[in-house]
Amino acid sequence: MTVPVPPLATLAGDTVLPARVDVVVIGGGIAGVAAAYFLAKKGRSVALVEKGHVAGEQSSRNWGWCRTQNRDRRELPLQLLSMGIWDTLAKEISIDTGFRRSGLIYATKSENDLATWSAWLDMAREFQVHHRLLTPAETKALTPGNEQEWIGGIHCPTDGRAEPTMAAPALAEAARALGATILQNCAVRGLDIVGGRAAGVITERGRIAADAVLCAGGAWSSLFCRRHGIDLPQAGIRSTVFATTPGPEVTPGGLVTPDFTLSRRLDGSYIVAAQDRGRLEVTPQGMRYARQFWPTFKSRRKSLKIGVGRSFLGGPEAIAGKWSMDRPTPFEKHRVFAPPPDTSIAAPALAKVKAAYPGLAGLGIGGMWAGWIDMMPDGIPVISPVETLPGFFLATGFSGHGFGIGPGAGRLAADLITGDSASVDPTAFRYSRLVDGTDLAAAGMM
Ligand SMILES: Cc1cc2nc3c(=O)[nH]c(=O)nc-3n(C[C@H](O)[C@H](O)[C@H](O)COP(=O)(O)OP(=O)(O)OC[C@H]3O[C@@H](n4cnc5c(N)ncnc54)[C@H](O)[C@@H]3O)c2cc1C
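Being a predicted model, the structure only gives us computed values, none of them experimental.

How each quantity is defined
- Residues numbered from 1 in each chain as written.
- Predicted model: local features only at pLDDT ≥ 70, side-chain atom pairs only at ≥ 80, totals over all residues.
- Heavy atoms only, no water.
- 1 Å grid on protein atoms, 1.4 Å probe; cavity = no way out; pocket = protein on both sides within 12 Å on 5 of 7 lines; lining within 4 Å.
- Points joined across faces, edges and corners; volume = space filled by probe spheres on them.
- Helix = DSSP H or I, 4+ residues; strand = E, 2+ residues; numbered from the N terminus.
- Nonpolar A, V, L, I, M, F, W, Y, C, P; charged D, E, K, R; others polar.
- Near = heavy atom within 4 Å.
- Polar contact = N/O pair within 3.5 Å; in protein donor to acceptor, adjacent residues only side chain to side chain.
- Areas by Shrake-Rupley, 256 points an atom, 1.4 Å probe, with all protein chains shown as cover.
- Buried < 20%, exposed > 50% of the residue type's maximum accessible area, 1.4 Å probe, protein only.
- Arc of directions from axis to C-beta.
- Salt bridge = Lys/Arg side-chain N within 4 Å of Asp/Glu carboxyl O.
- Axes fitted to C-alpha atoms, helices over the stretch in contact; angles between N-to-C directions.
- Parallel < 35°, antiparallel > 145°, perpendicular 65-115°, else oblique.
- Left-handed = near helix turned anticlockwise from the far one by under 90°.
- Contact = heavy atoms within 4.5 Å.
- Expected span 1.5 Å × (residues − 1).
- Bend = angle between axes of the 7 residues up to and from the residue.
- Pairing = 2+ DSSP bridges.
- Core = buried A, V, L, I, M, F, W, Y, C linked by side-chain atoms within 4.5 Å.
- Phe/Tyr/Trp six-rings, centres within 6.5 Å; stacked < 30°, edge-to-face > 60°.
- Lys NZ or Arg CZ within 6 Å of the ring centre and 35° of its normal.

## Topic: the layout of surface pockets
(1) Moving on: The volume enclosed by the second largest pocket comes to roughly 250 Å³.
(2) Moving on: Forming the boundary of the second largest pocket are 16 residues, of which Leu 280, Gly 286, Ala 290, Trp 294 and Phe 297 lie nearest the centre.
(3) Moving on: Those elements that place two or more of their residues in the lining of the second largest pocket are β12 (235-244), β16 (278-281), α8 (284-288) and α9 (290-299).
(4) Moving on: Looking at which element gives the most residues to the lining of the second largest pocket, the answer is α9, with five residues.
(5) Moving on: Here the lining of the second largest pocket is composed, by residue class, of nine nonpolar, three polar and four charged.

This is the structure:
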């Protein structure tokens, strides 16, 4: 069974365009709604403008993991901030986000994995994380019902999951309760630039004036920026998952094994991903930034399928010249970008799950979808002002792990926009690293 979008919590939203606000947020994914929420909490007037519906793209299509485990060092402070926000958010906004500190486990048969996790743990200890390397017996005990033999694992009992279908709609609702305007089915065609600064946006329904504009457009951010001469190297990876029918609990949170990843949902079903079988599609935008992304894709070549698909001709990375602001743009042509799932992964992955877990023999496939992941050359997001265009900010490029870090990213973006002291050091996330190339060169990526 194939469903194009996981069923989402409904959100009424607004219909009337405000003439002027303090901040316009482009994009109703987790980063955009979190930024809108924190801006509204700071007393700013906000309009969030979403071309389709809130959480229609990556933010509802993911596994829901909120993890410190195996995080890039540069992201750990922001992830720890996010975990604290997740802890109190549902109570604060009186809407469940599905967040539970249900624990995440990685189990392995590979010495290389153990060495990688051990090195990561040595690095992460300064952040007082709660991870533990596991012996084979401990790994077995933490994967009850699994018939495989492990040589070890790593466990973090304080990592967990939120529900992707609930979290971003909940934050949008909460932002709205604080006075933010949430406009859905309304594409932003471009920036309104006055006197060399971003002075608002031009939407398909008219203009909204603003002191600041935040682009949290996920996979569309690069295209949006390019229209205004701002270079933002992004490359997409299509990632497929499927949901099972409800079944017995074998893990309360998430489990990574060499063959598959299991994520336990609140309704008792699982999201299953075949290990590392993302698809890198050759696109015009991908070719434009091939040099920056080559080292990353080379190192992941065994886990990526490469091919040409529909994304070459339509979608966030297709050719789109300069469009005019008074005609429909690529954003309106793809209200919700729903890349087709790679259906070939489902049956083999489900068979592996059942072979490993005889207790899950009764699972069926309940739904299947894909999401378009927005990679950055150095694998971490941009949360930053764009110095060359005053008033314009970015929170984008979450590189496949932006859901769990989303609440903190939104708070940091709100801090930067209002000029308040930043909740965490924003240096690693600055836009200018992509332009001056210093960090990328140091990391061997240019
Ligand atoms: C299969 C899969 C599994 C994943 N698993 C995890 C996980 O377990 N944990 C984790 O942390 N991350 C995970 N991720 C990554 C995570 O989903 C993303 O990093 C995160 O959701 C990105 O959020 P975002 O707000 O930046 O973008 P999005 O959720 O993509 O939102 C961007 C929004 O901007 C809108 N938009 C774009 N341009 C315009 C415009 N011009 N006008 C109006 N609106 C516009 C789009 O319609 C879209 O709704 C996974 C991703 C996938 C695909």
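Text resumes after the structure shown.
## Quick look at the site of the ligand
(1) Moving on: Taken together, the neighbourhood of the ligand is formed by 36 residues, with Glu 50, Ser 59, Gly 402, Phe 403 and Gly 404 sitting nearest.
(2) Moving on: The backbone of Phe 403 places a nitrogen or oxygen atom 2.9 Å from an oxygen atom of the ligand.
(3) Moving on: Protein chains shield 98% of the accessible area of the ligand, which is 1,000 Å² for the free molecule.
(4) Moving on: Residue assignment for the shell around the ligand shows that the elements contributing at least two residues are α1 (30-41), α2 (58-61), β12 and β18 (365-375).
(5) Moving on: Take the shell around the ligand: its biggest share by element is three residues, from α2.

## Digging into α9
(1) Moving on: Residues of α9 that are buried include every one of Gln 292, Phe 293, Thr 296 and Phe 297, and no others. Looking down the long axis of α9, one finds its buried residues gathered within 110° of arc, a one-sided arrangement. Counted as exposed and oriented over 90 degrees from the buried face of α9: Arg 291, Trp 294 and Ser 299.

## What about the pattern of salt bridges?
(1) Moving on: Per the stated rule, a full pass over the model turns up 22 salt bridges.
(2) Moving on: A salt bridge links Asp 378 to Arg 433, with the nearest nitrogen and oxygen atoms 2.6 Å apart. In this pair, Asp 378 sits in the loop between β18 and β19 (382-385) while Arg 433 sits in helix α13 (residues 432-436), placing the two residues 55 residues apart along the sequence.
(3) Moving on: Residue Asp 378 is classed as buried on the basis of its relative accessible area, which comes to 5%.

## Overview of the packing of α1 against helix α6 (residues 164-177)
(1) Moving on: Here α1 crosses α6 at 25°, and the two axes come no closer than 8 Å. Of the possible angle classes, the one that applies to α1 and α6 is roughly parallel. When the axes of α1 and α6 are compared, the crossing they make is left-handed. Within the contact between the two elements, α1 uses Ile 30, Val 33, Ala 34, Ala 36, Tyr 37 and Ala 40 and α6 uses Ala 167, Ala 168, Leu 171, Ala 172, Ala 174 and Ala 175.
(2) Moving on: A breakdown of the residues in the contact of α1 with α6 according to their chemical character gives twelve nonpolar, no polar and no charged.

## Overview of helix α3 (residues 76-93)
(1) Moving on: End to end, α3 covers 25 Å across 18 residues, agreeing with the expected 26 Å (1.5 Å per residue, within 8%).
(2) Moving on: Bending of α3 peaks at approximately 35° at the position of Asp 87.
(3) Moving on: Those residues of α3 that sit buried are Leu 76, Leu 78, Gln 79, Leu 81, Ser 82, Met 83, Ile 85, Trp 86, Leu 89 and Ile 93.
(4) Moving on: Downstream of α3 by a residue or two, Ser 94 has a phi angle that is positive, lying close to 55°.

## Here we look at the pairing of strand β9 (residues 188-194)
On a regular strand, one side chain projects to one face of the sheet and the next to the other, so that they alternate.
(1) Moving on: The buried count for β9 comes to five of seven residues, which makes it a mostly enclosed element.
(2) Moving on: The pairing of β9 with strand β10 (residues 197-203) spans five bridges and is classified as antiparallel. Within β10, the residue paired with Val 194 across the bridge is Arg 197.
(3) Moving on: Between β9 and β10, which pair antiparallel one after the other, the connecting turn spans two residues, and Gly 195 there sits at a positive phi close to 60°.

## Concerning empty space enclosed by the protein
If you roll a probe as big as a water molecule over the atoms, it shows you where there is empty space left.
(1) Moving on: Scanning the entire structure with this criterion turns up one cavity of 30 Å³ or more.
(2) Moving on: The volume enclosed by the largest cavity comes to roughly 30 Å³.
(3) Moving on: Lining the largest cavity are Glu 57, Gln 58, Arg 61, Phe 337, Gly 371 and Trp 372.
(4) Moving on: Looking at the lining of the largest cavity, the elements that each hand over two or more residues are α2 and β18.
(5) Moving on: By residue class, the composition of the lining of the largest cavity is two nonpolar, two polar and two charged.

## What about the side chain of Ser 432?
(1) Moving on: Positionally, Ser 432 belongs in helix α13.
(2) Moving on: Among the residues examined, Ser 432 registers a relative accessible area of 19% and is labelled buried.
(3) Moving on: Not counting chain neighbours up to four residues away, the residues in contact with Ser 432 comprise Glu 387 and Gly 437.

## A closer look at the nonpolar core
(1) Moving on: Ranked by size, the top nonpolar core spans 53 residues in total, and within it Val 25, Tyr 37, Val 54, Leu 78, Trp 86, Leu 214 and Ile 383 carry the most contacts.
(2) Moving on: Mapped onto this core, the elements with two or more residues apiece are β1 (20-26), α1, β2 (46-49), α3, α6, β11 (206-215), β20 (392-396) and α12 (406-418).
(3) Moving on: In this structure, Ile 383 is in contact with Leu 78, Leu 394, Ala 395, Phe 398, Ala 409, Leu 412, Ala 413, Leu 416 and Phe 429, ignoring residues within four places of it in sequence.
(4) Moving on: Counting residues in hydrophobic clusters, the runner-up holds 35 residues, among them Ile 26, Ala 219, Ile 230 and Phe 337.

## So, the packing of aromatic side chains
(1) Moving on: If you walk through the whole model with that rule in mind, you get twelve aromatic pairs.
(2) Moving on: When the ring of Trp 86 is compared with that of Phe 99, the centres are 5.6 Å apart and the planes differ by 20°; the resulting orientation is stacked. Placement of Trp 86 in helix α3 and of Phe 99 in the loop between α3 and β4 (104-108) is noted, with a sequence separation of 13 residues between them.
(3) Moving on: On the accessibility criterion, Trp 86 (1% relative accessible area) is buried.
(4) Moving on: Taking the centre distance of 5.6 Å and the plane angle of 80° together, the rings of Phe 337 and Trp 372 count as edge-to-face. Of the two residues, Phe 337 is situated in the loop between α10 (330-333) and α11 (346-356) and Trp 372 in strand β18; the sequence distance between them amounts to 35 residues. The pair Phe 337 / Trp 372 is uniform in exposure class, with both members buried.
(5) Moving on: Among the aromatic residues, ring-to-ring pairing joins Trp 220, Phe 224, Trp 323, Phe 331, Phe 337, Trp 372 and Phe 392 into one connected group.
(6) Moving on: The ring of Trp 323 carries Arg 227 above its face, with NZ or CZ at 5.9 Å from the centroid.

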